[in-house]
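This is what each chain is made of:
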Amino acid sequence: MAERSLTLMAVHAHPDDEATSTGGVLARYAAEGITTVLVTCTDGRCGDGPGGVKPGDPGHDPAAVVAMRQAELEASCASLKVTHLETLGYADSGMMGWPTNTLPGAFWTTPVDEAAERLADLIRQYRPDVVVTYDENGFYGHPDHIQAHRITMAAVAKTDIPAKVYWTTVPRTAFAEFGRIMRELGVEWDEPDASSPEPQLELGLPDDEISTWVDTTSYSGQKYDALAAHASQTENIFFLQLGRDRFAELMGMETFVRVRDTTGASLPEDDLFAGLR
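Residues numbered from 1 in each chain as written. Predicted model: local features only at pLDDT ≥ 70, side-chain atom pairs only at ≥ 80, totals over all residues. Heavy atoms only, no water.

The name an unreviewed UniProt entry gives the protein is GlcNAc-PI de-N-acetylase, with Micromonospora acroterricola as the organism.

Okay, structure coming up:
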């Protein structure tokens, strides 16, 4: 009997999320012969429509956006050589506070246990050694990212199959460099307002709190192509404006926090599969 391949499962909220934070690891590990599984939880209907038309504006057809984003997702997966794409098909909830949060079928209002059981079935089917998703705040507070975190952690608890679980993150030192490059390109960049009385959401983590640094520079071309496949979404234009060389320089290291481990692999790591091979 052939030995089972190691397997990575990435659980993301929307089409295009797979490219920005895990495109490098999906491409790298596929190239190393590891089975890669992408689970996309929502249909992306609250994304930009053709020509950049925004949700709620005249001409934004959610059904057309869903079809367009599904095709983009499939093209992205082809660039990253993803072995298996699974889509849960929940309705994109939109940003926190949007009326779409509570529409029938919205991911945000789907009972966690119900969605977690569907994901657990996929974990039982693919038996991933490593699972990657977002932290408890969904990295930046998007309801669908938070929900993806919740159902992933619940599904892992239900199955007890993955040896390792990671949350995506970004070093805070990287944000200063992003800001500098964005201003250089003439893109508006809002710095945190230290004088504001309102609590400020701090994105990412201090470098010393990041457990796992995976160099995916050699796969930055595939990551760039995957992001370009989602060119209908205007928030991706900044990354594409960087050009391939600068993109590789800024986006070649993908970083994670390890939150489950049964291998005893020492930290910090440079490989999501440390302790498994």
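So, about a nonpolar patch on the surface. Taken together, the side chains of Met95, Trp98 and Tyr140 make up a nonpolar region of the molecular surface, amounting to roughly 270 Å² of accessible area. Here Trp98 shows up in the loop between β3 (84-90) and α3 (112-126). (Patch = residues over 30% accessible without salt bridge, like charges linked within 9 Å, V, L, I, M, F, W, Y side chains within 5 Å. Areas by Shrake-Rupley, 256 points an atom, 1.4 Å probe, with all protein chains shown as cover. Salt bridge = Lys/Arg side-chain N within 4 Å of Asp/Glu carboxyl O. Helix = DSSP H or I, 4+ residues; strand = E, 2+ residues; numbered from the N terminus.)

In total, this model carries four aromatic pairs according to the counting rule given. With centroids separated by 4.9 Å and ring planes inclined at 70 degrees, the aromatic side chains of Tyr29 and Phe273 adopt a geometry described as edge-to-face. Remark: Phe273 occurs in the segment after β7 (253-261) and Tyr29 occurs in helix α1 (residues 17-31); sequence separation between them is 244 residues. Each member of the pair, Tyr29 as well as Phe273, carries the same accessibility label: buried. Here Tyr224 and Phe247 contribute two aromatic rings whose centre-to-centre distance is 5.2 Å and whose plane-to-plane angle is 85 degrees, an arrangement assigned as edge-to-face. Placement of the pair is Tyr224 in helix α6 (residues 220-229) and Phe247 in helix α8 (residues 243-251), with a sequence separation of 23 residues. Comparing Tyr224 with Phe247 shows no difference in burial state: the two are buried. (Phe/Tyr/Trp six-rings, centres within 6.5 Å; stacked < 30°, edge-to-face > 60°. Buried < 20%, exposed > 50% of the residue type's maximum accessible area, 1.4 Å probe, protein only.)

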